[in-house]
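Report on the structure
Take a look at the letters that make up each chain.
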Amino acid sequence: MGHFLSKNGKRVKKRRRKVKRKCFLRGPCMLCFIVHNTSLDEDQFESASKLAERYAALTTTEECAKFLLSPKELAIWEEQGKSLFSSVPTKLIGPPLFRTVSSDYLEMPVCKRKCAGVQTCTPHKLPRSALEGVPDTGLSNDVAEHPVPVCALPAPTAECTSVGLQGNMGDCSSLLQCPVSPLGPEDNERLPHDNFKDLRMESEPPNINQLPSSILLKVFAHLTLKERCLSASLVCKYWRDLGLDFQFWKQLDLSGRQQITDDVLMRIASKNRNTIQINVSDCRSISDTGVSSIASQSPGLQKYIAYRCKQLSDISLIAIACHCPFLQKVHVGNQDKLTDESLQQLGEKCPDILDIHFGQCYKITDEGMMALAQGCPRLQRIYMQENKLVTDKSVKAFAEHCPLLQYVGFMGCSVTSQGVIHLTRLKELTSLDLRHITELNNETIMEVVKRCRNLSSLNLCLNWTINDRCVEFIAKEGRSLKELYLVSCKITDYALIAIGQYSTTIETVDVGWCKEITDKGATQISQSSKSLRYLGLMRCDKVNEDTVERLVQEYPHITFSTVMQDCKRTLERAYQMGWIPNTSTAS
């Protein structure tokens, strides 16, 4: 502070010659102005001289740290310093210099002289008129009564220490870092802003387009294709550009849209080469030409899904196999025109396929399945349904050439126990679907459960040969088994009792349409099983509905599936969604 106020060296020298006193200090500081001020009376001049003599006698930094001003000395300093500040532009003087404090600080020590190390802080920009409208309220008297901590004066040496003040006051540097305006909070709110552009922006209402484009793209990602293209893209040009961002065209879900034609697919293919997944299920207006155009422009395609597109043939699947070498998933169920030729091309061109679904493709035979098994050794999932031309040869080929298979389904295929027994080679097998296998015996199932230790889901529905002995063995040996489906199997209450007694992992059991299941079996498995969470009893006619209602109350952690219970749950969900039954006489 002393260095700052002593910029005008001529004025200091003029005062020295007029007072004709020898300055006790080597460098100019606040004491110089106090001592050499001509407006001081006799008492004030004598006090100031004593203060200067005390300060000049200090020799060490420890003595400087202990040098404190008394309230009377501080009043002289503040009074004279205030008169000196009147000649300095107001914008250069921060408001904290003359702020008043409560009487709690009256007895506090004031400030360290010499070496009181002031920490650097970020300057706070204040308007020029910050102090112009402050009325004169006798600030000098308030300062004399309530001393204010002031920043340290510069020391003649380079050494400085940072010694805390007594009490809870803290050091002076904290006051410099946190300036407080002498105006009230209401006046501060009315201060003019330096940046009128920011003020204008703050006054504008918030707009969603002010968000970064990356955030808006994440919002658009939660919209469906119809919402994004037919609603959001029509709001403005900016949203149209966001809707055309390449990331939204990586995964195309066009399923069930009859307005999708070959022309639409061609336009999509001409503007986008980054598609990695496309779903055209139930699109009846497309043909092999449109799918081929997508395939030719999407070399990175990984997933192709086309359920129930009966108009498509081998041409579209061969085009995908030739142009998309990184293909991993092919689901083309219920396409009557597919033959072994397209499967052979997939086996030759796409060795990275992991998941295939050819259910209800009735022209596929063992020849195409064997070619696919030999060309795709990394296959993990295969599902066939009602493929009557697929026999045990296909099952054997997949068991030999695809050791990483985890999911295998041959529902309704012409497969027998002689083919199923080959599945015991699959050590990674976790899910097995053998529904409606005409020639499937209990010994084969028992051997598969024994060998495949990671098996967690087993579906044996519609197999009349499965009996209680097989289920008991499954409950004992299926250490990882969690789901067991036995709909329309030849089992009794003994099978349910065995599951509850021997299995500690099975969570889902479905014995619907098993005519020999009674209240006893349902009650026993509910009481003894610690892991059971779902019990399907649909159309088990010997199970009383009152018994099921009692079990629902006693075992709330188990979901019981019957006709009545399913209707109740459906009504509850409808009421939760706001459905109100129509009770009018007309209905």
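Residues numbered from 1 in each chain as written. Predicted model: local features only at pLDDT ≥ 70, side-chain atom pairs only at ≥ 80, totals over all residues. Heavy atoms only, no water.

- The name recorded for the chain in an unreviewed UniProt entry is F-box domain-containing protein, from Chiloscyllium punctatum.

1. Concerning the overall build of the chain
- Scanning the chain from terminus to terminus reveals 26 helices and 13 strands.
- The buried share of the chain, reckoned over its 587 residues, is 44%.
- By sequence separation, contacts in the chain at least 24 residues apart represent 75% of the contacts at least 6 residues apart.
- In the form shown here, the chain has an accessible surface area of approximately 31,700 Å², with 52% of it arising from carbon and sulfur atoms. (Helix = DSSP H or I, 4+ residues; strand = E, 2+ residues; numbered from the N terminus. Buried < 20%, exposed > 50% of the residue type's maximum accessible area, 1.4 Å probe, protein only. Contact = heavy atoms within 4.5 Å. Areas by Shrake-Rupley, 256 points an atom, 1.4 Å probe, with all protein chains shown as cover.)

2. Notes on the state of the cysteines
- This structure, assessed with the given rule, holds zero disulfides.
- Cysteine 283 provides the cysteine sulfur closest to cysteine 309, a residue in no disulfide bond, and the two sulfurs are 6.0 Å apart. (Disulfide = S-S within 2.5 Å.)

3. Notes on the pairing of strand S7 (residues 407-411)
- Here S7 lies mainly inside the structure; five of its five residues are buried.
- Side chains of S7 alternate between two faces, with Tyr407, Gly409 and Met411 and Val408 and Phe410 buried alike.
- Looking at chain direction, strand S6 (residues 381-385) and S7 are connected through five bridges and run parallel. Within the sheet, the bridge partner assigned to arginine 381 lies in S7 and is tyrosine 407.
- In this region the chain leaves S6, passes through helix H19 (residues 392-401) and returns to the parallel neighbour S7; the handedness of that crossover is right-handed.
- Here three bridges tie S7 to strand S8 (residues 431-433), and the two strands are oriented parallel to one another. Residue pairing across strands places glycine 409 opposite aspartate 433, the latter belonging to S8. (Pairing = 2+ DSSP bridges. Right-handed = clockwise from strand over helix to strand, strands pointing away.)

4. A few points about the packing of aromatic side chains
- In this structure the tally under the stated criterion is three aromatic pairs.
- Measuring from ring centre to ring centre gives 5.4 Å for phenylalanine 220 and tryptophan 239, while their planes differ by 80 degrees; the resulting arrangement is edge-to-face. Here phenylalanine 220, found in helix H11 (residues 213-220), pairs with tryptophan 239, found in helix H13 (residues 237-243); they are 19 residues apart in sequence, far enough to count as distant.
- Overall, the relative accessible area of 3% leaves phenylalanine 220 in the buried class.
- Residues tyrosine 575 and tryptophan 579 carry aromatic rings whose centres are separated by 5.4 Å and whose planes lie at 45 degrees to one another, so their mutual orientation is tilted.
- For tryptophan 579, a relative accessible area of 41% corresponds to the partly exposed category.
- The ring of tyrosine 407 has arginine 381 sitting right over it, with the charged end atom 4.4 Å from the ring centre.
- Positioned over the ring face of tyrosine 502 is lysine 476, at 4.6 Å from the centre of the ring. (Phe/Tyr/Trp six-rings, centres within 6.5 Å; stacked < 30°, edge-to-face > 60°. Lys NZ or Arg CZ within 6 Å of the ring centre and 35° of its normal.)

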